[in-house]
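Spelled out, the chains give:
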Amino acid sequence: MKETIMLQIIVDGKTYTYPKGTPYRVIAADFQKEFPYDILLVNRSGKLCELHKKLDRNCTLEFLTAADKPGMQTYERSTVLLLLKSFRDVVGRDQVERIVVEFTLSHALFLRAQGNFTLDEALLSKVEARMHELVLAALPIEKRSVDTDDAVAYFQQAGMLDKAGLLRFRISSKVNTYTLDDFTDYFYGYMAPDTSYLKWFALEQFEDGFLLRLPSQQQPDAVAPFTPSYKVFEAQRSSESWSQALRISNVGDVNDLIAEGKATQMVLAQEALMEKSIGDIAAEIAGRKDVRFVMIAGPSSSGKTTFSHRLSTQLMACGLRPHAIATDNYFKYREDSPKDENGNYNFECLEAMDVARFNEDMTRLLQGETVEIPYFNFKTGVREYKGDFLRLGSQDILVIEGIHCLNDQFSYALSADCKYKIYISCLTTLNVDDHNRISTTDARLLRRIARDARTRGFTASAKRTFTPAAFACARTSPKAGCVSTLGRTSVIPSIWITKATPQRTPACWARVSSCRCLTPRSVGASGK
């Protein structure tokens, strides 16, 4: 008789004993009553694991739900698989040519569907009903490791050419696929163990596609309200159209162009498109003689500073004399900076800014006075003056960037007529494939880590780098005044793709792309 090996796990400082080989799902069930939402993943001593995995060592366990970002990503990914399976069940697998997850929009995914069917509310109602049937059936989502060549052949036969093209560049000889009943797909990330975990969703027709509405991380047990910005949607859709025209809708397409030796052509086409778009904005600004302040706002690490420099160049070509000013130079001294509930500095709130000094300086400039512009030293946490004097002439214009620039509370002393507002966000439209999107928040996080380490005196492990406020403040908060005031604002989506050789890996997007403040999508060679 084989001896049962017992292993120890630590949960919230307490030690428990389980037989080796116990699925994490069984362990999670023992602790589920302590959580308001379904446990979707476990964090095993710092490594995320799906619930079908089995206990194989002594470890510390933490349970994650959809209230945690990895859990919500798992929920979203799994619901997409449920949708794809249900759509094919309703209309017939042979009738579906392509279903593409395009981008997020107000707690929803915007998708387009092509095939021999009419996309309307009646069809979406049937698909949604089928999704609920599968949820009640609690069908398992099975993970399989298959030969990469076999996966490529399968996806080609199934008509999923985006996945076949992507996996052709994969280094590993194996690839993980997920199967729900009779439908198999590739997903880059963790999945729920079965359909019973996917209770909250809704389908809704929208513009030329449809929405998969999902819960929010703040309230995972209900479908979140849908309050989209149509300007952001139009910017996303425009960028998608350019992507398709230039044959770079996903990472597989980019790899193909690079492998064909067309990387330089791709770079030049995107650079030309970017310069034209910024040039159009500069021409509009130059045509409005009352504008003295160009206010550029957007989420953290979306590329506001880089965009302000590019725009300044175009304004010079229009006969203006632009002067770039970063609102970061008007931070309060570090000792006076507010802190969040955890005692960490909150540099993203309006209270972190010396609003009074900013308005005083800008008012004096409008009045024709000479003003010394400050420089904030992030390493010492103090504002310094280095003789940067400025006085506005008739052709001078200030290009001001910062996350609060669309918030009229920040520039309360300046009249609306003298301000031209621009919202820039790293609205990533390049996805891994048709069903795996690249999170814009993750892309900006990578940029922020690099920037903070290089110029702000913070290492990648610093808590400041990962504060949720840094990535939500200027995106949705009325206090930040960004998306909530986009009615009269130009919206600039952006992505930057570095010149690189194709990588044989499904995650090659991490090596060939990062975000850059260029519009609508820019491709360059520097990768900065």
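Note that the coordinates shown come from a computational prediction; the quantities given were computed from them, not determined experimentally.

(A) Molecular detail of the packing of helix α2 (residues 69–91) against helix α3 (residues 121–137). Packing of α2 against α3 brings their axes to within 8 Å, and their N-to-C directions diverge by 120°. When the interaxial angle is binned, α2 and α3 end up oblique. Taken as a pair, α2 and α3 cross one another with a handedness that is right-handed. Residues Thr-79, Leu-82, Leu-83, Lys-85, Ser-86, Phe-87, Asp-89, Val-90 and Val-91 of α2 form the contact with α3, whose own contacting residues are Leu-123, Leu-124, Lys-126, Val-127, Arg-130, Met-131, Leu-134 and Val-135.

(B) Layout of empty space enclosed by the protein. A complete count under the given rule lists two cavities of 30 Å³ or more for this structure. Computed from the structure, the second largest cavity encloses a volume of approximately 40 Å³. The wall of the second largest cavity is formed by Glu-50, Leu-51, His-52, Ile-141, Lys-143, Tyr-178, Met-191, Ala-192 and Pro-193. A per-class count over the lining of the second largest cavity returns six nonpolar, one polar and two charged.

(C) Seen up close, the sheet that holds strand β12 (residues 209–213). Pairing is antiparallel in the open sheet, where four strands are placed in the order β6-β7-β12-β11. Two strands close off the open sheet at either side, each with one partner strand: β6 (96–104) and β11 (202–206). With direction set aside, neighbouring strand axes in the sheet form an average angle of 30°. Pairing geometry for β6 and strand β7 (residues 108–115), over seven bridges, is antiparallel. Looking at β7, one finds that Val-100 is bridged to Arg-112. Taken strand by strand, α2 contacts β6, β7, β11 and β12, and its axis lies near 150° from that of β6. On the sheet, helix α6 (residues 230–245) packs against β6, β7 and β11 and is oriented at approximately 130° with respect to β6.

(D) Representation of the sheet that holds strand β9 (residues 174–180). Judged by pairing direction, the sheet is antiparallel, and its three strands sit side by side in the order β8-β9-β10 without closing on themselves. Looking at the sheet topology across the chains shown, the edges are occupied by β8 (141–147) and β10 (183–185). Sheet twist, expressed as the average angle between the axes of neighbouring strands with direction ignored, equals 30°. Relative to β10, β9 is paired through three bridges, and the arrangement is antiparallel. Along β10, the bridge assignment pairs Tyr-178 with Asp-185. Docked against the sheet, α2 engages β8, β9 and β10, running at close to 135° with respect to β10. The strands that helix α4 (residues 148–157) touches are β8, β9 and β10; relative to β8, the one it contacts most, it runs at about 115°.

(E) The arrangement of unusual backbone geometry in detail. In this model, Ser-106 sits at a positive phi of 50°, which is unusual for a non-glycine residue. By the secondary structure assignment, Ser-106 is in the loop between β6 and β7. You will see that Asp-181, though not glycine, has its phi angle at about 60°, which is positive. Locating Asp-181 in the fold gives a position in the loop between β9 and β10. Here Asp-181 falls in the partly exposed class, since its relative accessible area comes to 47%.

(F) Geometry of helix α10 (residues 355–366). Relative to the 16 Å expected for twelve residues at 1.5 Å per residue, α10 spans 17 Å between its end C-alpha atoms, a close match to the ideal helical length. Residues Val-355, Phe-358, Asn-359, Asp-361, Met-362 and Leu-365 constitute the buried set of α10. End-on, the buried residues of α10 take up no more than an arc of 160°, which puts them together on one face. Considering only its buried residues, α10 is in contact with β13 (293–297), β14 (321–326), β15 (371–372), β18 (389–390) and β19 (396–401). Of the residues one or two after α10, Gly-368 is the one with positive phi, at around 90°.

(G) Highlighting the side chain of His-435. Relative to the helices and strands, His-435 is located in the loop between β20 (419–425) and α11 (440–456). For His-435, a relative accessible area of 7% puts it in the buried group. For His-435, the side chain forms a polar contact with the side chain of Asp-185, separated by 2.6 Å. In contact with His-435, other than residues within four places in its own chain, are Val-80, Leu-84, Ile-99, Val-101, Lys-163, Asp-185 and Phe-187.

(H) Region of the structure containing the pairing of β9. The buried fraction of β9 is high, at five of seven residues. Pairing of β8 with β9 involves seven bridges; the strand directions are antiparallel. Within β9, the position partnered with Lys-143 by the bridge is Tyr-178.

Rules and cut-offs
Residues numbered from 1 in each chain as written. Predicted model: local features only at pLDDT ≥ 70, side-chain atom pairs only at ≥ 80, totals over all residues. Heavy atoms only, no water. Axes fitted to C-alpha atoms, helices over the stretch in contact; angles between N-to-C directions. Helix = DSSP H or I, 4+ residues; strand = E, 2+ residues; numbered from the N terminus. Parallel < 35°, antiparallel > 145°, perpendicular 65-115°, else oblique. Left-handed = near helix turned anticlockwise from the far one by under 90°. Contact = heavy atoms within 4.5 Å. 1 Å grid on protein atoms, 1.4 Å probe; cavity = no way out; pocket = protein on both sides within 12 Å on 5 of 7 lines; lining within 4 Å. Points joined across faces, edges and corners; volume = space filled by probe spheres on them. Nonpolar A, V, L, I, M, F, W, Y, C, P; charged D, E, K, R; others polar. Pairing = 2+ DSSP bridges. Buried < 20%, exposed > 50% of the residue type's maximum accessible area, 1.4 Å probe, protein only. Expected span 1.5 Å × (residues − 1). Arc of directions from axis to C-beta. Polar contact = N/O pair within 3.5 Å; in protein donor to acceptor, adjacent residues only side chain to side chain.

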